[in-house]
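Descriptive analysis of the structure
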Amino acid sequence: MSTLPVAAGGTARAVAPRTHRRFDFARAAAYFQAAPLAIVFLCFLVFPIVAIVVVSFFDYDSVQIIPRFTLENYRELLFSKVTWETYLNTFRFAAMTWAATLVVGFTLSYFLAFHVRSTLMQIALSLLCTVPFWTSNIIRMISWIPFLGRNGLLNMALVRLGIIHQPLEFLLFSDFAVVLALVHLNTFFMMIPIFNSMMRIDRSLIEAARDAGARAPQVLWNVVIPLSKTGIAIGSIFVIALVMGDFITVRLMSRGQSASVGLMMANSISLLQYPAAAANAVLLLILVLGMIAGIVRGVDIRRELTGANPGGTATNE
Amino acid sequence: MSDRKRTAGFYLLAGFFGLYVLFLYGPTITIAVLSFQGPNGGLTFPMNGHSLHWFANLFQPQMVGDFGGSLERSLLLGAMVMATTVVVSLAAGLAYRKRFKGDTPLFYLAVASLVVPSILVSLGIGLMFGQSGLDTAWYGSAYGAQLTWTLPFGLLIMFAVFSRFNPSYEEAARDLGASPWQTLRHVVLPIIAPSLLGVALFGFTLSYDEFARTLLTAGEDNTLPLEIYAMTTNITTPVLYALGTLTTAFSFVVIGSCIAAVLIIQRRRARRAA
């Protein structure tokens, strides 16, 4: 975590000064150093996506893929009402999860960045929010059963408090449970990028705004939010992409009551209809990348993610 | 704002933070308690006595699927993914300190690797192996699938590390006649060691818990998350909670040792500096 206030603007990257003597060596070394990463992405990301695109134009029967060009998969997909209803439902999950994680993630980051005073405490608290990310998602979903179930803790508490007389049925295995679990699993992805953005805000800008007579909400709206824009964009990309492709949360938390694009693909796959799943995957990929392209317009995510450190205030803490 | 008195806003936000932490950990704690249900206990409260029955149950092969085998595979795979993630991310992080042709496409490929829906990666690798007549296996296709998830995180951590790395230490080493390899080995690596531990932690835990990208790429033998997933559909006893509690506890031990190691390194360094 960068704890040094850094000035806005400046060079895009911190580059080690090169001496001419080492120039050629460094140059060649960079290719060797980057090659393993490039090879993994080529073999396990680029080629597989090419495979999906190719197979999406293949024919199939009940047992196998038939390598014969056809547009039938796309025709079936695009002209089916179920497809669009499922996409709409997935967008709905994505929108609700995005809104909830944004509000929660922003509030948490704001507290950590501007109200928690010691760096050690900031690290400890952000670590506290990160630890569950390193544990199993499936277990974390299952963990909601005793809480949300018909005889779960929440229903028992509400009945005992006299707020309701009968246990609520909609808590578990419903859209509500799906969104709750999605927020539970994905707030981390929204919070950390926003927190990083906030930590880079020059504190003197806030002082200046306050000296100029801005009240706390005005500082928030006119200084903090605009300067956290990049973090918000990165968090949004994560959350939207993760929810748009999700199938396991929807399947476990709605127990087949809700539909999502990922689940639709998973169902095609389990019926061995790979070309149908592939066509769906292509459509999903186009939509997700389109949404991301919309989000990143006007935001330099590369500068944010590569940790540009303007002003050259490099330290080894 | 840090040099002023605590405001009502502070307490409000602190309360919100506390509630979030409860939301984050509450369910996990709940199943940890419920995994100690008595032999006749169910999936929800009340507790019907308490016992270690369900943990014992876990180790009887007829109760759950291949728990031992899947755990072994997950641990091995986690170690493989961890080692690869550390080495490859470090190398790429070093590459990005210089300019090289293709650095921009490679960066966007890393971002794409994170945001492409996992089921797509899973399906794609499955299709690629299937169409080229190769068998999918946890140590091959699933290993590659998991790297597409862990490497971008490793790379992002490396970016964060090197963006605040002070190059004058390297210059000093070079001026004293160190070779590039010696500079890396004796100057750069010790300085960034805590961050590399962080990368290792991401590599191991994300692999150990990975589900969506492993689903269609693991082949015949399941990893632990796949085994747990299979259990959710046909097991309705607290044995599920026992397994969940055990794997979560294991994750906590791994995370805890990692954090402890970082703290020890930093303390030792502070002492040496003093």
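Here, every reference points to the structure presented above.
What this report covers is the structure whose coordinates are included nearby. The shown structure was predicted, so the numbers you read here are calculated from the model rather than taken from an experiment. (Residues numbered from 1 in each chain as written. Chains lettered and ligands numbered in written order. Predicted model: local features only at pLDDT ≥ 70, side-chain atom pairs only at ≥ 80, totals over all residues. Heavy atoms only, no water.)

1. Brief notes about the overall build of chain B
Of regular secondary structure, chain B possesses 10 helices and zero strands. The order of helices and strands in chain B, counted from the N terminus, is α-α-α-α-α-α-α-α-α-α. Counting all 274 residues of chain B, 54% fall into the buried class. Within chain B, counting contacts between residues at least 6 apart in sequence, those at least 24 apart form 72% of the total. Total accessible area computed for chain B in this model is approximately 12,000 Å², and 65% of it derives from carbon and sulfur atoms. A distance of 18 Å separates the average location of the 17 positive side-chain charges in chain B from that of its 13 negative side-chain charges. (Helix = DSSP H or I, 4+ residues; strand = E, 2+ residues; numbered from the N terminus. Buried < 20%, exposed > 50% of the residue type's maximum accessible area, 1.4 Å probe, protein only. Contact = heavy atoms within 4.5 Å. Areas by Shrake-Rupley, 256 points an atom, 1.4 Å probe, with all protein chains shown as cover. Lys, Arg positive; Asp, Glu negative; His and termini not counted. Charge placed at Lys NZ, Arg CZ, Asp CG, Glu CD.)

2. Here we look at the overall build of chain A
A tally of regular secondary structure across chain A gives 15 helices and two strands. Here chain A holds 317 residues, and the buried ones make up 51% of them. Considering only contacts within chain A whose residues lie at least 6 apart along the sequence, 71% involve residues at least 24 apart.

3. Some words on the nonpolar core
Judged by nonpolar contacts, the single largest core of 165 residues is most densely connected at Met198 and Val224 of chain A. In terms of residues, this core owes the most to one element, helix α8 (residues 175-199) of chain A, which gives 16 residues. Excluding residues within four positions of it along the chain, Val224 of chain A makes contact with Phe106, Tyr110, Phe114, Met198, Ile201, Ile206 and Val219 of chain A. Within the second largest apolar cluster, 13 residues are counted, among which are Val161, Val188, Leu196 and Val199 of chain B. (Core = buried A, V, L, I, M, F, W, Y, C linked by side-chain atoms within 4.5 Å.)

4. Examining the interface of chain A and chain B
Interfaces are often sized by the amount of accessible area the parts lose when they come together. Across the contact, 102 residues belong to chain A and 108 residues belong to chain B. Carbon and sulfur atoms make up 74% of the surface buried where chain A meets chain B, a total of about 9,700 Å² over both sides. Applying the counting rule to chain A against chain B returns one salt bridge. Here Asp103 of chain B and Arg302 of chain A are joined by a salt bridge, their closest N and O atoms 3.9 Å apart. Here chain A and chain B share 10 residue pairs in polar contact (both at pLDDT 80 or more) between them. When residues of the side of chain A that touches chain B are assigned to their parent elements, the largest contribution, 22 residues, is made by helix α1 (residues 23-55) of chain A. (Buried area = accessible area lost by both parts, 1.4 Å probe. Salt bridge = Lys/Arg side-chain N within 4 Å of Asp/Glu carboxyl O. Polar contact = N/O pair within 3.5 Å; in protein donor to acceptor, adjacent residues only side chain to side chain.)

5. Some points on a positive patch on the surface
Residue and element names in this part refer to chain B. Together, Arg267, Arg268, Arg269, Arg271 and Arg272 line one region of the surface with positive charge. Mapped onto the fold, Arg267 is located in helix α10 (residues 239-273). A relative accessible area of 58% means that Arg267 is categorised as exposed. (Patch = residues over 30% accessible without salt bridge, like charges linked within 9 Å, V, L, I, M, F, W, Y side chains within 5 Å.)

6. Topic: the pattern of salt bridges
Overall, the coordinates contain seven salt bridges over all chains when judged by the stated rule. Here Arg68 of chain A and Asp59 of chain A are joined by a salt bridge, their closest N and O atoms 2.7 Å apart.

7. What to know about unusual backbone geometry
All names here are of chain A. Phi is positive for Phe173, close to 55 degrees, though the residue is something other than glycine. Here Phe173 lies in the loop between α7 (153-160) and α8. Judged by its relative accessible area of 25%, Phe173 falls in the partly exposed class. Residues other than glycine seldom take positive phi values, yet Leu272 does so here, at roughly 60 degrees. Relative to the assigned elements, Leu272 resides in the loop between α13 (261-270) and α14 (274-296).

8. What about the packing of aromatic side chains?
Taken as a whole, this structure holds 35 aromatic pairs over all chains when the rule is applied. Aromatic pair Trp84 of chain A and Tyr87 of chain A: ring centres 5.9 Å apart, planes at 40 degrees, arrangement tilted. You can see Trp84 of chain A and its partner Tyr87 of chain A sitting in helix α3 (residues 81-115), three residues apart, about one turn around the helix. What makes Trp84 of chain A partly exposed here is its relative accessible area of 40%. Where Phe153 of chain B meets Phe202 of chain B, the ring centres are 5.7 Å apart and the plane angle is 25 degrees; that geometry is what we call stacked. On the criterion of sequence distance, the pair formed by Phe153 of chain B in helix α6 (residues 141-163) and Phe202 of chain B in helix α8 (residues 180-208) is long-range, its members being 49 residues apart. Phe202 of chain B shares its class with Phe153 of chain B; the two are buried. Members of the aromatic cluster, each reached through a chain of ring pairs, are Phe133, Trp134, Phe188, Phe189 and Phe238 of chain A together with Trp149, Phe153 and Phe202 of chain B. (Phe/Tyr/Trp six-rings, centres within 6.5 Å; stacked < 30°, edge-to-face > 60°.)

9. Some thoughts on the pairing of strand β2 (residues 65-69) of chain A
Residue and element names in this part refer to chain A. As defined by bridge partners, strand β1 (residues 58-60) adjoins β2 across three bridges and the pair is classed as antiparallel. Paired with Tyr60 across the strands is Ile65, a residue of β2. Between β1 and the antiparallel strand that follows it, β2, lie four residues. (Pairing = 2+ DSSP bridges.)

10. Quick word on a nonpolar patch on the surface
Where nonpolar side chains cluster on the molecular surface, the patch consists of Ile29, Val33, Phe36, Met47 and Leu52 of chain B and spans about 430 Å² of accessible area. With respect to the helices, strands and loops of the structure, Val33 of chain B is situated in helix α1 (residues 8-34).

11. What to know about the packing of α3 of chain A against helix α4 (residues 119-130) of chain A
Helix-helix packing: each pair is described by the crossing angle between the helix axes and the interaxial distance. Residues and elements named next belong to chain A. With their axes 9 Å apart at the nearest point, α3 and α4 run at an angle of 165 degrees to one another. Classified by the interaxial angle, the pair formed by α3 and α4 is roughly antiparallel. Between α3 and α4 lies a crossing of left-handed hand. Residue-level contacts link Phe111, Leu112 and Ala113 of α3 to Gln122, Leu125 and Ser126 of α4. (Axes fitted to C-alpha atoms, helices over the stretch in contact; angles between N-to-C directions. Parallel < 35°, antiparallel > 145°, perpendicular 65-115°, else oblique. Left-handed = near helix turned anticlockwise from the far one by under 90°.)

12. Some thoughts on helix α10 (residues 216-227) of chain A
Residues and elements named next belong to chain A. Taking 1.5 Å per residue as the helical rise, α10 with its 12 residues ought to reach 16 Å, and the 15 Å between its terminal C-alpha atoms agrees with that figure. Burial in α10 covers these residues: Val219, Val223 and Val224. Down the axis of α10, the sector holding all buried residues measures 85 degrees, keeping them to one side. When the buried face of α10 is taken as reference, the exposed residues oriented beyond 90 degrees from it are Pro217, Trp221 and Asn222. Contacts made by the buried residues of α10 are with α3, α8 and α9 (203-211). (Expected span 1.5 Å × (residues − 1). Arc of directions from axis to C-beta.)

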